[in-house]
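# Descriptive structure summary
Spelled out, the chains give:
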Amino acid sequence: MAASEDAKSSSLRYAFGNVLSVFILLLIGVLAFSIRIFSVIKYESVIHEFDPYFNYRVTQYLTKNGIYDFWNWFDDRTWYPLGRVIGGTVYPGLTLTAGTMWWILQSLNIPLSVETVCVFTAPIFSANAAWATYLLTKEVKGTGAGLTAAVLLAMVPSYISRSVAGSYDNEAVAIFALIFTFYLYIKTLNTGSLFYATLNAIAYFYMVCSWGGYTFIINLIPMHVLLCIVTGRYSSRLYIAYAPLVVLGTVLAALVPVVGFNAVMTSEHFASFLVFIIIHVVALVYYIKGILSPKMFKVAVTLVVSVGLVVCGAVIAVLIALVASSPTLGWSGRSLSLLDPTYASKYIPIIASVSEHQPPTWPSYFMDINVLAFLVPAGIIACFLPLSDASSFVILYIVTSVYFSGVMVRLMLVLAPAACITSGIALSAAFDVLTRSIKFQLPRLSGNPPIDAGDINSGGGIAQNETMRTENKEDLTKERLLRKVEKNEDFPKERPLRKIEKNEDFPKERPSKKNKKKEKENVEKTFVKPPEEKRLLALPLEASVIAIFLLVLLGAFYVVHCVWAAAEAYSAPSIVLTSQSHDGLHVFDDFREAYAWLAHNTEVDDKVASWWDYGYQTTAMANRTVIVDNNTWNNTHIATVGTAMSSPEKAAWDIYNSLDVKYVLVVFGGLVGYPSDDINKFLWMVRIGGGVFPHIKEPDYLRDGQYRIDSQATPTMLNCLMYKLSYYRFVETDGKGFDRVRRTEIGKKYFKLTHFEEVFTTHHWMVRIYKLKPSKNRIRGKTKKSKVKGSSTTSSKRGGSRKKNPWH
């Protein structure tokens, strides 16, 4: 009767715990969504940054024309005159996800625009990512750690920076796909279910569709499999978790047009194939071991290992042959820049020029993950207590993500889930110990005898009489087991008996009566943990209360920092800028003002040249053809634009005229103090242009190794097109030409443009648009007369021209 009541109460507690967990997860989802809509509340519902505008434009095309036209879309408004095949060069996961959400809403008669769906896609999937984090951490260390990790991920600033409302980029859905793929891998590893293995391959396929960072998955999981094999943790569950992922995942990845045969031809994927061969060799060895005698097993292992080495050698030889045929050894430029942080700056300046590809500073870690940076080491230690296949994967995940985040600041996004998982494990373990210690001390304060600390688990205390009853049952079971061993009953005579002897230290011979007591004590020592070891888990009451208070205070500090980061640091859209001063809030809407002018005052077929940063926005908002954009797939084309910006006015006009360019757009922040303008990016234009066209040399633009725009600037710098288009008429603003970004007066204040004319400058001078002047027609009569005239007349005219043009 008592046992049935105990079972009923435990089932009720279990049901209540499940309901409470679901309710907490719903609150975590609401928190993850709501903390990311500060941008809509404070500003407006608008797409942020640069890349999201291209994704928004592609989603518009998908919803309007359908998926088949999307796959076959050739975009002639980008990379003129080359164009771009959109279906074969874009990761379609984000676009297809948002398009599917829009179609579902339309079928339910919910009339939301495509832009609204795109704006709120990232906050929605941030809630999904938090729930996926819960599932992953629960598989590793239990429900408490899972809930803690989920709430940490819902607010971590590093993830908020790429998932606020309006941040319609690939990472919006890719982080969810990354975490969910890892969860299904761990789930398969724990259960050995082929069903979860198939779901894991499908989740990996969605990750491949969403982001190029899928190579992190296909390299991290093989590393973990190899670690398990080396440390003697191979099992059939490990084989089921890995083999279907490689086979099905590679086949599905090859179906994505942007990946194609790169899934089997590039070095990023070779590690998975090599480990795939190794795990089959190990599986064969374990299979042979189970069916052969030890003597025959040694012979068979020698044969299998020999054949395996030959096969691995052949595969490695083929891979080396494939890799050697590539100048980059089969690695992409971004992968090489991760393996060698100096590679991009040496050989690919177009990658090094991107700010998010730079290494992070130490303060950025505190800004993006805050107190998690201090909890991660504790979480790693907790993963070793005890060490399992799942916890070893978490350790490998956090170690690799820390390295990659140190190479490229953008990959702080990959570090955020790992930091939240390990921090959640650390906090859960800490609260478990502290609350157990308080429960152990409370009966002493009330005058009752204390309960053994080892008998109190994280789910609640166990009654003392129940503990005694359980111990009595264990004693009876051990006595019966001892009698069976003594009489040699119900045990086979050979291998099972040897197994028991090995594992439980039973003697081979029948024990004498003198040794029965010693034998019983040894068995009890084997089965029962000494109470002294259990009591080590209990801390003093005062220390436990203070520690819990400090942890709650640490969590409160984390919440305040995350809310501040979401509201102030990461919610402002880059296309609409704000500035706070003594006379109030100032809004700078110059970008949309310039794009609106282009859309209403230029022809539909006009070509606009600018640096590649603004290509996506020009195409999406002004609907005009651009020469280069943020895809950066053609380095020569970008170098051509960089060369034009670095050249004198006449040479730049010739380059732009050959590309049918009619308007040139430059971004200038010298008047309002906007630091991300084209003058600050100009040296990257010089480097990229000089990498293709050797006559452009960076030292020509530097004075004693320093980049200057004042009176000490070099003549090459003062006469290049970028300088002239940025500072044309700038002296009229204050009479001095003081640049607020560079904090100096410009060197060349008064000059005229001969081949370009200013057609539009925004209110705050942040965007300036120039039009190419038409070429002058030759007049035959004047040409012939000029040839007939004497040299004295020619020289006098040249002297007069010098007087008429004092600025050249």
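Residues numbered from 1 in each chain as written. Predicted model: local features only at pLDDT ≥ 70, side-chain atom pairs only at ≥ 80, totals over all residues. Heavy atoms only, no water.

### Concerning the packing of aromatic side chains
In the structure shown here, the tally under the stated rule is 32 aromatic pairs. Aromatic pair Phe33 and Phe120: ring centres 6.1 Å apart, planes at 25°, arrangement stacked. A residue pair is termed long-range when its members are at least 10 positions apart, and Phe33 in helix H1 (residues 2-34) and Phe120 in helix H7 (residues 114-141) qualify at 87 residues. For the ring pair Trp597 and Tyr663, a centre distance of 6.2 Å and an interplane angle of 80° mean the geometry is edge-to-face. Of the two residues, Trp597 sits in helix H29 (residues 590-601) while Tyr663 sits in strand E7 (residues 661-667), which places them 66 residues apart along the sequence. Looking at Trp597, the relative accessible area reads 17%, which means it is buried. Since its relative accessible area comes to 6%, Tyr663 is described here as buried. Aromatic ring contacts, followed pair by pair, group Phe182, Tyr185, Phe216, Phe393, Tyr397, Tyr403 and Phe404 into a single cluster. Directly above the aromatic system of Tyr159 lies the positively charged group of Arg36, at a separation of 4.9 Å from the ring centroid. (Phe/Tyr/Trp six-rings, centres within 6.5 Å; stacked < 30°, edge-to-face > 60°. Helix = DSSP H or I, 4+ residues; strand = E, 2+ residues; numbered from the N terminus. Buried < 20%, exposed > 50% of the residue type's maximum accessible area, 1.4 Å probe, protein only. Lys NZ or Arg CZ within 6 Å of the ring centre and 35° of its normal.)

### Concerning the confidence of the model for the protein
Should pLDDT be low for a region, the predicted coordinates there are not to be read in detail. The pLDDT averaged across the protein works out to 83; a share of 81% of its residues lies at or above 70. E7 holds the highest mean pLDDT among the elements of the protein, 96, whereas helix H25 (residues 495-504) holds the lowest, 40. In the predicted structure, residues 481-514 sits below a pLDDT of 50 and forms 27 contacts with residues beyond four places in sequence or in another chain. Note that residues 516-536 has pLDDT below 50 and, in this model, 19 contacts with residues that lie over four places away or in other chains. (pLDDT = per-residue confidence, 0-100. Contact = heavy atoms within 4.5 Å.)

### Details of the sheet that holds strand E5 (residues 607-609)
Spatially, the five strands line up as an open sheet ordered E6-E5-E7-E11-E10, and their pairing is mixed. The open sheet has two edge strands with one neighbour each: strand E6 (625-626) and strand E10 (756-761). Its contacts with the sheet place H29 against E5, E7, E10 and strand E11 (767-772), and it is angled at close to 25° to E11. Helix H32 (residues 649-658) contacts E5, E7, E10 and E11 of the sheet and is inclined by roughly 75° relative to E10. (Pairing = 2+ DSSP bridges. Axes fitted to C-alpha atoms, helices over the stretch in contact; angles between N-to-C directions.)

### Focus: the side chain of Ser272
Relative to the assigned elements, Ser272 resides in helix H15 (residues 270-291). Side-chain polar atoms of Ser272 contact the backbone oxygen of His269, separated by 2.6 Å. (Polar contact = N/O pair within 3.5 Å; in protein donor to acceptor, adjacent residues only side chain to side chain.)

### Focus on the packing of helix H12 (residues 214-230) against helix H13 (residues 236-253)
Running from N to C, H12 and H13 point in directions that differ by 150°, and their axes come no closer than 11 Å. If you check the angle between H12 and H13, you find them roughly antiparallel. Note that H12 runs across H13; the crossing there is left-handed. In contact with Ile221, Pro222, Val225, Cys228 and Ile229 of H12, H13 contributes Leu238, Tyr242 and Leu245. Of the residues in the contact of H12 with H13, the class split is eight nonpolar, no polar and no charged. (Parallel < 35°, antiparallel > 145°, perpendicular 65-115°, else oblique. Left-handed = near helix turned anticlockwise from the far one by under 90°. Nonpolar A, V, L, I, M, F, W, Y, C, P; charged D, E, K, R; others polar.)

### Description of empty space enclosed by the protein
Applying the stated criterion across every chain yields a total of two cavities of 30 Å³ or more. As a volume, the second largest cavity reaches approximately 30 Å³. In terms of lining, the second largest cavity is formed by Tyr204, Ile218, Thr250, Ala253, Ala263, His269 and Phe273. Here the residues of the lining of the second largest cavity sort into five nonpolar, two polar and no charged. (1 Å grid on protein atoms, 1.4 Å probe; cavity = no way out; pocket = protein on both sides within 12 Å on 5 of 7 lines; lining within 4 Å. Points joined across faces, edges and corners; volume = space filled by probe spheres on them.)

### A short note on the nonpolar core
Ranked by size, the top nonpolar core spans 176 residues in total, and within it Phe182, Phe591, Tyr656, Val664 and Phe756 carry the most contacts. A total of 14 residues in this core trace back to one element, the largest contributor, which is helix H10 (residues 171-191). (Core = buried A, V, L, I, M, F, W, Y, C linked by side-chain atoms within 4.5 Å.)

### A word on a nonpolar patch on the surface
On the surface, Leu284, Tyr287, Ile291, Leu292 and Met296 cluster together into a nonpolar patch covering about 500 Å² of accessible area. Ranked by residue count, the leading element in the nonpolar patch is H15, at three residues. The topology assignment puts Met296 in helix H16 (residues 294-324). (Patch = residues over 30% accessible without salt bridge, like charges linked within 9 Å, V, L, I, M, F, W, Y side chains within 5 Å. Areas by Shrake-Rupley, 256 points an atom, 1.4 Å probe, with all protein chains shown as cover. Salt bridge = Lys/Arg side-chain N within 4 Å of Asp/Glu carboxyl O.)

### Describing H29
Here H29 spans 16 Å end to end across 12 residues, near enough to the 16 Å set by a 1.5 Å rise per residue. Taken together, the buried positions of H29 are Asp590, Phe591, Ala594, Tyr595, Trp597 and Leu598. All buried residues of H29 lie within an arc of 155° about the axis, which places them on one face of the element. (Expected span 1.5 Å × (residues − 1). Arc of directions from axis to C-beta.)

### Digging into unusual backbone geometry
Of the consecutive residues Tyr80 and Pro81, the connecting peptide bond is found in the cis state with omega at 0°. Within the fold, Pro81 resides in the loop between strand E1 (74-75) and strand E2 (84-85). The amide bond that connects Leu385 to the next residue, Pro386, takes the cis arrangement and shows omega of -10°. Mapped onto the elements of the fold, Pro386 is located in the loop between helix H21 (372-383) and helix H22 (389-407).

### Observations regarding the side chain of Ser726
By secondary structure assignment, the location of Ser726 is in helix H35 (residues 721-727). Relative accessible area serves as the criterion here: at 0%, Ser726 is assigned to the buried category. In this structure the side chain of Ser726 is engaged in a polar contact, spanning 2.9 Å, whose partner is the backbone oxygen of Met722. Beyond its immediate stretch of four places on either side in the chain, Ser726 contacts Phe668, Ile679 and Arg768.

### Re H7
Helix length check: H7, at 28 residues, gives a terminal C-alpha distance of 41 Å against a target of 40 Å (1.5 Å per residue), a fit within 8%. Roughly 40° is the biggest bend found in H7, and it falls at Thr121, with proline Pro123 one to four residues downstream. Downstream of H7 by one or two residues, Gly142 has phi in the positive range, about 105°. (Bend = angle between axes of the 7 residues up to and from the residue.)

### Structural notes on the pattern of salt bridges
Side-chain pairs of opposite charge can arise whenever the charged atoms involved come near each other. Considering all chains together, one arrives at 22 salt bridges under this definition. Between Arg233 and Asp389 there is a salt bridge, with its nearest N and O atoms 3.4 Å apart. Separated by 156 residues along the polypeptide, Arg233 in the loop between H12 and H13 and Asp389 in helix H22 bring together distant segments of the chain. Take Asp389: its relative accessible area is 10%, and that puts it in the buried class. Here Glu758 makes a salt bridge to Arg729, at a shortest N to O gap of 2.7 Å. Highlighted residues: Glu758 in strand E10 and Arg729 in the loop between H35 and helix H36 (731-734), separated in sequence by 29 residues.

### Here we look at the packing of helix H11 (residues 194-210) against H13
Running from amino to carboxyl end, H11 crosses H13 at an angle of 35°, the nearest separation of the two axes being 8 Å. The way H11 lies across H13 gives a crossing that is right-handed. Facing H11, whose interface residues are Leu194, Ala197, Thr198, Asn200, Ala201, Ile202, Tyr204, Phe205 and Val208, H13 presents Ile240, Ala241, Pro244, Leu245, Leu248, Gly249, Leu252 and Ala253. Residues belonging to the contact of H11 with H13 are distributed by class as follows: 14 nonpolar, three polar and no charged.

### A short note on the environment of Pro52
Within the element layout of this structure, Pro52 appears in helix H3 (residues 51-65). The class of Pro52 is buried, set by a relative accessible area of 1%. Distance from Pro52 to Val119, taken between C-alpha atoms, is 9.5 Å for residues 67 residues apart in sequence. Discounting residues that sit within four places of it in the chain, Pro52 has contacts with Ile47, Gly166, Tyr168 and Asp169.

### Regarding the environment of Arg742
Here Arg742 lies in the loop between strand E8 (738-739) and strand E9 (744-745). When its relative accessible area of 18% is taken as the criterion, Arg742 is described as buried. In contact with Arg742, other than residues within four places in its own chain, are Phe668, Gly670, Asp677, Ile679, Asn680, Ile709 and Tyr727. Side-chain polar atoms of Arg742 contact the side chain of Asn680, separated by 2.9 Å.

### Quick notes on the pairing of E11
Walk down a regular strand and you will see the side chains alternate between the two sheet faces. Extensive coverage of E11 is indicated by the burial of five of its six residues. Inspection of the sheet shows E10 paired to E11 by five bridges, in the antiparallel sense. Bridge assignment links Glu757 to a residue of E11, and that residue is Lys771. From the end of E10 to the start of E11, which pair antiparallel, there are five residues, and Trp765 there has a positive phi angle of about 65°.

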